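Fold and contact review
Chain residues, written in single-letter form:
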Protein chains: 4
Amino acid sequence: MTDTPEIQLPEDKPLEIAGKVYQSRLLVGTGKYHDLMETGHAIEASGAEIVTVAVRRTNLGQNPDEPNLLDVISPSTYTILPNTAGCYTAKDAVRTCKLARELLDGHDLVKLEVLGEHKTLYPNMPETLTAAEELIKDGFKVMVYCSDDPLLAMRLEEMGCVAIMPLGAPIGSGLGIQNRYNIRLIVENAKVPVLVDAGVGTASDATIAMELGCDGVLMNTAIAQAKDPIKMANAMRLAIEAGREAYLAGRMPKKLYASASSPIDGTFF
Amino acid sequence: MTDTPEIQLPEDKPLEIAGKVYQSRLLVGTGKYHDLMETGHAIEASGAEIVTVAVRRTNLGQNPDEPNLLDVISPSTYTILPNTAGCYTAKDAVRTCKLARELLDGHDLVKLEVLGEHKTLYPNMPETLTAAEELIKDGFKVMVYCSDDPLLAMRLEEMGCVAIMPLGAPIGSGLGIQNRYNIRLIVENAKVPVLVDAGVGTASDATIAMELGCDGVLMNTAIAQAKDPIKMANAMRLAIEAGREAYLAGRMPKKLYASASSPIDGTFF
Amino acid sequence: MTDTPEIQLPEDKPLEIAGKVYQSRLLVGTGKYHDLMETGHAIEASGAEIVTVAVRRTNLGQNPDEPNLLDVISPSTYTILPNTAGCYTAKDAVRTCKLARELLDGHDLVKLEVLGEHKTLYPNMPETLTAAEELIKDGFKVMVYCSDDPLLAMRLEEMGCVAIMPLGAPIGSGLGIQNRYNIRLIVENAKVPVLVDAGVGTASDATIAMELGCDGVLMNTAIAQAKDPIKMANAMRLAIEAGREAYLAGRMPKKLYASASSPIDGTFF
Amino acid sequence: MTDTPEIQLPEDKPLEIAGKVYQSRLLVGTGKYHDLMETGHAIEASGAEIVTVAVRRTNLGQNPDEPNLLDVISPSTYTILPNTAGCYTAKDAVRTCKLARELLDGHDLVKLEVLGEHKTLYPNMPETLTAAEELIKDGFKVMVYCSDDPLLAMRLEEMGCVAIMPLGAPIGSGLGIQNRYNIRLIVENAKVPVLVDAGVGTASDATIAMELGCDGVLMNTAIAQAKDPIKMANAMRLAIEAGREAYLAGRMPKKLYASASSPIDGTFF
């Protein structure tokens, strides 16, 4: 071990999900905005190319007489990512994905969430594994919301999921990444993109996710419930880029003092 | 107290130091680079408009036969901020500022540092107060490196310093802001710009400084000793903007759960 | 919401596992000591009443010609808790528990660990669920090492496990509890004892676990690999008691200032 | 640098202040209790041998017709430590110490606090330096409440203060030690006792202070404003002992994994 450990700089791979390359590493949701206009402006400011929509709560054409989200977030501009928010069983989630595929003319990229209970909206992992398997068999490209258990993340990847989406903290909590260690382990093990999904509260939370080596971040409440959602969307766009650049640049090691020749050793801090 | 406390959004004041307005809120140093070329490229990537130079260690014309930093960092493009790095007494610091003023044709904006000891490079605050007073009397515009003691910061402002520059962590340590609480207090009290000076290690550290309401950040080692300094300079540029935007946007409150109607109360976390 | 939220003081239930009440809330392992003598002294200093032994690595009588741990840690003084360290499948773990029951004359209290991989020694949760079910059916009282996923913890409890033992950080890392949030959630939901198992590095880590409301902590490396294991065993004994008492006493709320009448609100810190 | 850095175990020096040795390393205040009875019981449970009293707010005999604290906290049992809480100038603080000396028959051990403002109750360091100097010249043994600036702490020690008492966080905030780094530096430099004074909120905060190598902790609100002050006093007694023992025992180094042969290097965590 030398004074400055030789950290290999990471390769700058583009974000590729299910065969398509994206420039933006920020994925956003559409919930909790004041109106569709604000939703549209915020998403534009975020620079996101992938927009996730809760099939059970959003009109994608199911109700022909009501405003259709796709009129604001056009599938020709954005990759629409239908999600199964609100589903508490594998069966419900699978059915919801199939409905989305119909409404979106065969679109087979989905974000699977099978929730475990109402308070934290944590995933039910056994049901998630079951649903992922079934959806993959049926031809879906599955991006999967999951706990930060590195072993279950690896299993979801082996099963064929196209992106692993571990939570940083409970959905809507804004607490920031609670367990950086696990997120880091998931990143080290994964060959498909790892996107932190849930828990980001402000810009630095997003930067930290990217510095840990994540390929992107999905968020909704942090933008929609900021005092000024459009400005926060812009902040998040910059924060994601900053974290990505810092990760690629390879940070200086932490030292106890300016004059310390060896990095900090973990006995005190 | 309502469930969502009514946080007044902060005013978006431009960064103005000693009567001049700056677009960039990232200030950079020139030490620890491989060569002057790398220095120049990194500073360009950082977007900085203010570049600080250690008068005692840098050739600003004192040694006519050696490479002059001002050939790379031109005073017509950048605001050159001479600093007193290496000075351990008020007397030395004052003398160094006067030398800088001569070398730079009457330029009177300086960054005062009076160091206390060699290991941490923490400021000697009583000597700092003495030097600041003397320099201000002599017509200098003093930006002052100081501890994060909110009361001493206020005293330096009352004395007439044009910017308060509290340390986040020891110079060159890359540990990130150790005491967010104090930085926040300094920001709340100050009417002149507050710039975190020292301790930033990676992009999220800079974002956090800005989210606390700082007006800017000065850094050197975090860029110069990254594996890829030019990429890190760019990361820092984005990180500063991200943190500023997030601060202005007003973050969502932290909640214990998605479904919690009131913000987190500090009993557990 | 009033200024000082009315936190109900928790009930001071004794630690009862599988029908037996324990005074000590510190459980210890026997690995990584210099010799059996040090093991014995450290365990005595810890005040532990439950001592876990790795059936695959420890001689409990399998090898009649070698030193037997039970000569040092007598089953008449301590509750011996055989564990399945080193098992990577449900099948192996079940077989190991049966071997332990034979060696210990029908003793049916076991600590189940089914590991997922060698680096972190994280549990393989699907295999853990399978093994727990089988062992419970076979009459074992199962204390179960698990991830900090609150939903899987609840499932293990519903299945009939007599204690839930979530990890705080990887076994042997000494990093302290990485996700206090999840540990807290597990405690809130559980009716059986919750014992943090793995990750504690020093006394304050143990105190924090108890302040979160855990019923106890199991540790090995933090004691065995301290410079002075016997002194650290004593430190841990005190730390566990301190944390338990603080939990029962009900801490003051965090405030931004001495003069603040309402607790901290989660917007800044 | 070897895999396990050779940390010298610290010497187990008894706590000696101004020539007197104490068994307990927990110092307590007397404010914010419901009544004198509760004060007495809590102090007894804390095991404290040194009790600090605010001369300006406490009846030590100034008002002969009112209850006298010394009837509950007897100077024959406890070392009474008069403090200058409520003083905002050196002059006031010095006068208050002289009053205390009179009331306490020549007792010359005092705790100096010169406050800077009402919100945080942070010390005014220049006034503190002035008062300390004057008091020491006048024969007082000065224990001094100060900021966590390591250089000013050293200056107070050089001046002759008998104990350095840096704040962990604002008085009454319960936020825990905000800057462990500075507390650690102060400890490394000091030859007189270092006692964290202010900021502790719960037991683990006290344990952490002691693990950093502090010689003791002074607290008041954390005990007095716990739901059950007497139980919390006991928790703090244990927490201080736990932290001291852990410090003396020498903790295991933090590792990234169980199987990691070298301690954590500061690049990621």
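Residues numbered from 1 in each chain as written. Chains lettered and ligands numbered in written order. Predicted model: local features only at pLDDT ≥ 70, side-chain atom pairs only at ≥ 80, totals over all residues. Heavy atoms only, no water.

The name given to chain A in an unreviewed UniProt entry is Thiazole synthase, with the source organism recorded as Marinobacter excellens LAMA 842. Taken verbatim from the UniProt record of chain A, the Subcellular location (unreviewed entry) comment is "Cytoplasm". Its UniProt record, at the heading Catalytic activity (unreviewed entry), says of chain A: "[ThiS sulfur-carrier protein]-C-terminal-Gly-aminoethanethioate + 2-iminoacetate + 1-deoxy-D-xylulose 5-phosphate = [ThiS sulfur-carrier protein]-C-terminal Gly-Gly + 2-[(2R,5Z)-2-carboxy-4-methylthiazol-5(2H)-ylidene]ethyl phosphate + 2 H2O + H(+)". (UniProt positions renumbered as here; feature names shortened; annotations may be inferred.)

1. What about the relation of the copies chain A and chain B?
Overlay of chain A on chain B (RMSD 0.0 Å): rotation 180°, translation along the axis 0.0 Å. What we have between these two chains is a two-fold relation. Interface residue correspondence from chain A to chain B reaches 100%, placing this contact among same-surface, isologous pairings. (Least-squares fit on C-alpha atoms with pLDDT ≥ 70 in both. Contact = heavy atoms within 4.5 Å.)

2. Let's talk about the interface of chain D and chain C
Interfaces are often described in size by the accessible area the parts lose on coming together. Contact residues are listed per partner, giving 51 residues for chain D and 51 residues for chain C. At the surface where chain D touches chain C, the tally comes to 2 salt bridges. A salt bridge links D:E245 to C:K231; the shortest N-O distance between them is 3.4 Å. Within the residue set of the side of chain D that touches chain C, elements represented by two or more residues are α7 (203-211), α8 (221-224) and α9 (229-249) of chain D. Here the element with the most residues in the side of chain D that touches chain C is α9(D); it accounts for 12 residues. Along the lines of polarity and charge, the residues of the side of chain D that touches chain C split into 26 nonpolar, 14 polar and 11 charged. (Salt bridge = Lys/Arg side-chain N within 4 Å of Asp/Glu carboxyl O. Helix = DSSP H or I, 4+ residues; strand = E, 2+ residues; numbered from the N terminus. Nonpolar A, V, L, I, M, F, W, Y, C, P; charged D, E, K, R; others polar.)

3. Comments concerning the relation of the copies chain D and chain C
Taken together, a rotation about one axis and a shift along it account for how the two chain copies relate. Mapping chain D onto chain C leaves a residual RMSD of 0.0 Å; the transformation is a rotation of 180° accompanied by 0.0 Å of translation along its axis. Looking at the interface residues of chain D, 100% of them are also at the interface in chain C, so both copies use one shared face.

4. Re the interface of chain A and chain B
Taken together, the 51 residues of chain A in the interface contact 51 residues of chain B. Of the roughly 4100 Å² buried between chain A and chain B, counting both surfaces, carbon and sulfur atoms make up 61%. Applying the counting criterion to the chain A and chain B interface returns 2 salt bridges. The tally of links between chain A and chain B comes to 20 residue pairs in polar contact (both at pLDDT 80 or more). Here the residues of the side of chain A that touches chain B sort into 26 nonpolar, 14 polar and 11 charged. (Buried area = accessible area lost by both parts, 1.4 Å probe. Polar contact = N/O pair within 3.5 Å; in protein donor to acceptor, adjacent residues only side chain to side chain.)

5. Re the pairing of strand β6 (residues 109-112) of chain C
All names here are of chain C. Of the two faces of β6, the one carrying L109 and K111 and the one carrying V110 and L112 are both buried. Relative to strand β7 (residues 141-146), β6 is paired through 4 bridges, and the arrangement is parallel. Within β7, the residue paired with K111 across the bridge is M143. Crossover β6 to β7 through helix α4 (residues 125-137) is right-handed. (Buried < 20%, exposed > 50% of the residue type's maximum accessible area, 1.4 Å probe, protein only. Pairing = 2+ DSSP bridges. Right-handed = clockwise from strand over helix to strand, strands pointing away.)

6. Side note on the packing of helix α5 (residues 150-159) of chain D against helix α6 (residues 180-189) of chain D
All names here are of chain D. The N-to-C vectors of α5 and α6 enclose an angle of 30°; their axes lie 9 Å apart at closest approach. Classified by the angle their axes make, α5 and α6 are roughly parallel. Between α5 and α6 the crossing geometry is right-handed. Across the interface between the two elements, P150, A153, M154 and E157 from α5 touch N182, L185, I186 and N189 from α6. Counted by class, the contact of α5 with α6 contains 5 nonpolar, 2 polar and 1 charged residues. (Axes fitted to C-alpha atoms, helices over the stretch in contact; angles between N-to-C directions. Parallel < 35°, antiparallel > 145°, perpendicular 65-115°, else oblique. Left-handed = near helix turned anticlockwise from the far one by under 90°.)

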